[in-house]
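Here are the chains, one letter per residue:
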Amino acid sequence: MRVLRIYNPYLVALSATIGGMLFGFDISSVSAFVDNASYREFFNYPGSTKQGGITAAMAGGSFLGSLCAGFVSDKLGRKYTIQLGAIIWMIGAAIQCSVQNVAQLICGRLVAGLAIGICSSQVPVYIAELSPKQIRGRLVGLFQWAVTWGIMIMFYISYGCTFLDGPKSFRLAWGIQMIPGLLLLLTLIVFPESPRWLAARDRWDEAIEIITHVQGKGDIENPDVQLEIQELREAIRIDKLSEDVTIFDLFAKGSRIRTFVGVSGQIWQQLTGMNVMMYYVVYTFLMAGYQGNTALVSSSIQYVINVVMTVPALIFIDSWGRRPLLIYGACIMAVWLFAVSGLMAAYGHWVPSVGNNPNIRWFVPDKPAAKAIIACNYLFVATFATTWGPGIWIYVSEIFPLKQRAIGNGFCGAWNWIFNFALAFFVPPAFQNIQWKTYLIFAVFCIAMAIHVFLMFPETKGKTLEEIDIIWSENIKPWKTANADVTELAANRDLAKDGKTKEVEHMEHTAAPSAETEPKV
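Quick look at the structure, then. (Residues numbered from 1 in each chain as written. Predicted model: local features only at pLDDT ≥ 70, side-chain atom pairs only at ≥ 80, totals over all residues. Heavy atoms only, no water.)

## Some points on the side chain of T460
The condition that has to hold: In this description a helix means any DSSP run of H or I spanning at least four residues, a strand means any run of E spanning at least two, and both kinds are numbered starting from the N terminus. By the criterion applied in these results, polar contacts are pairs of N or O atoms within 3.5 Å in which, for protein atoms, one can donate a hydrogen and the other can accept it, and in which residues neighboring in sequence qualify only through two side-chain atoms. Here, two residues are considered to be in contact whenever any of their heavy atoms come within 4.5 Å of each other.
Counting through the fold element by element, T460 comes out in the loop between α21 (437-456) and α22 (465-473). In terms of polar contacts, T460 uses its side chain to reach the side chain of R322, at 3.4 Å. Not counting residues within four places of it along the chain, the set of residues in contact with T460 comprises R136, R322, Y395, E398, I399 and I468.

## Quick notes on the environment of S341
Within the secondary structure layout, S341 lies in helix α17 (residues 322-347). When the C-alpha positions of S341 and G137 are compared, they lie 34 Å apart, and in sequence the two are 204 residues distant. Ignoring any residue separated from it by four or fewer positions in sequence, one finds S341 in contact with W436, Y439 and L440.

## Looking at the pattern of salt bridges
Note the threshold: The rule for a salt bridge is simple: a side-chain nitrogen of Lys or Arg has to be within 4 Å of a carboxyl oxygen of Asp or Glu. Remark: exposure states derive from per-residue accessible area (1.4 Å probe, protein chains only) relative to the maximum for the residue type, with buried under 20%, exposed over 50%, and partly exposed in between.
Taken as a whole and assessed by the stated rule, the structure comprises 9 salt bridges. One salt bridge in this structure joins R78 and E129, with 3.0 Å as the shortest N-O distance. With a gap of 51 residues between them, R78 in helix α5 (residues 78-97) and E129 in helix α6 (residues 102-130) connect regions that are remote in the sequence. E129 carries the same exposure label as R78, and that label is buried. In this structure, R322 engages E398 in a salt bridge whose closest nitrogen and oxygen atoms are separated by 2.6 Å. You can see R322 sitting in helix α17 and its partner E398 sitting in helix α19 (residues 388-398), a full 76 residues away along the chain.

## Looking at the packing of aromatic side chains
Spelled out, the test is: Working definition: rings of Phe, Tyr and Trp (its six-membered ring) pair if their centres are within 6.5 Å, and the pair is stacked with planes under 30 degrees apart, edge-to-face with planes over 60 apart, and tilted otherwise.
Counted according to the given criterion, the structure contains 24 aromatic pairs. Their ring planes at 40° and their centres at 5.5 Å tell us that F43 and F170 sit as a pair that is tilted. Note that F43 is positioned in the loop between α3 (37-42) and α4 (48-76) and F170 in helix α8 (residues 168-175), a separation of 127 residues in sequence. When sorted by exposure, F43 lands in the same class as F170, which is buried. Judged by centre distance (5.4 Å) and plane angle (25°), the ring pair of Y395 and F457 falls under stacked. With Y395 in helix α19 and F457 in the loop between α21 and α22, the pair connects residues that are 62 residues apart, well separated along the chain.

## So, the nonpolar core
The condition is simple: As used here, the term nonpolar core means buried Ala, Val, Leu, Ile, Met, Phe, Trp, Tyr and Cys residues forming a set that is joined through side-chain atoms within 4.5 Å.
Counting 147 residues, the largest nonpolar core has Y39, W174, M344 and W388 as the members making the most contacts within it. A per-element tally of this core places α6 first, with 13 residues. Beyond its immediate chain neighbours, meaning those up to four positions away, M344 contacts M287, W362, V364, I373, W436 and Y439.

## Observations regarding helix α20 (residues 402-433)
What counts is decided by this rule: A helix's residues, less one, multiplied by 1.5 Å, set its expected span.
Across its 32 residues, α20 extends 46 Å between first and last C-alpha, which sits within 8% of the 46 Å expected from 1.5 Å per residue. Phi for Q435, located one or two positions after α20, is positive at around 45°.

## Focus: α6
Stated precisely, the cut-off is as follows: To get the bend at a residue, fit one axis to the 7 residues ending there and another to the 7 starting there, then take the angle between the axes.
For α6, built from 29 residues, the straight-helix expectation of 42 Å at 1.5 Å per residue is met to within 8% by its first-to-last C-alpha distance of 41 Å. The sharpest bend along α6 measures roughly 25° and falls at Q122, with the proline P124 sitting one to four residues further on. Taking burial as the measure, the 29 residues of α6 include 23 buried ones, the bulk of the element. Of the residues flanking the start of α6, the one acting as N-cap is N101, its side-chain oxygen 3.2 Å from the backbone nitrogen of A103.

Structure representation (structure tokens):
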């Protein structure tokens, strides 16, 4: 009996990006409770270090998940690896919803983090390898959009649960997290495996069938289908010449620069300061004078902004390009962060605690200044959602050759998570000790990342994954890659090689003494 298969790339992406929703659920599953009385009492009023540890546990697990995801994906396939992540996620959610103490909560978040590390690194790879190049950026960007939906949905679920008394408030919220994991596990059953993964294992009939349905709607004679198959065959031929890839191959000659770009891109995304806005958004609103439900509802607005403002990036990223998105996004975010730090410094003052929470020691009593700070927070989130939010996940999923893609994406994603882990620890003590200067640090990072992107990140918009590989091998200057004709460049390179080969053969032929002119001994 033939198994039902759905090949529509939009539907494939929508299903796979539920993996991004898991990430979003976990981000806001704690943020709504950090100032909740039931939560604080049950966990014995966690200080800044303990709360940082609870929050960071997810990122620690994600770091480990990202490191092993590439190897698992190369063995099992992209689809089955993501489904494995869904199963692990449900186990982590079950541990959290039955929580008895801080240790169990950290354990549950660590297990759930393993799943997020797997899904966050392999979902973009899976979508990138299935998508037509004309809409690849848009479809991979759906992953980040799903993250924003997950953040918003989970925050409102958690907000609703805060009206329940006692531990059942957060236990119920954390138990609901199992639902998207189950949806991800079941919906992926009807979608195909990555054709590039299949081709790399000589399962060409399956790979060609999938490419035909995705690119040509079942017409194998479609020019796009034929070109895709031809380029894939050449990529596989080159990959077969090399041995099995290890993580050390990412640092071999010809690979280390793109690895550095991928790693630094993921690190920079964390250093934008978005974690300050997401994990500890309630702290920011408390410093601005908002209390109780008012603080929760006001802070939830930025989650809505995050969802809405990701849409323009999905629609236009394949026409805007990756480089402008990242460069201008970093510069604009720096403006909002400088503004927040300046307003807090000018209109705020030190206090022993805010709202009986000793983790917060800065307060802005001036109402117009407080409203301006909140506005800058909203504008920062809107800028991030349109630029670095989806942009870097798309970019890193594109820059590695097929043989390194799963391991490379997992390795780069691991750096995102280790910095996520570090910042989750850093932010509560930072708010406690250096207050408004926290925003100043992230503003400087935004300026630095804009310069770095300009100097080292090549444009990948509108190019096949195989053409992107040529950009790296030819060492084209990043600021010249947007208009570079990569196909023509590769053809000229091959002609030049053929010309040199023929010239060498001619020289060898003319240099060799013939039988008639050979000297007699």
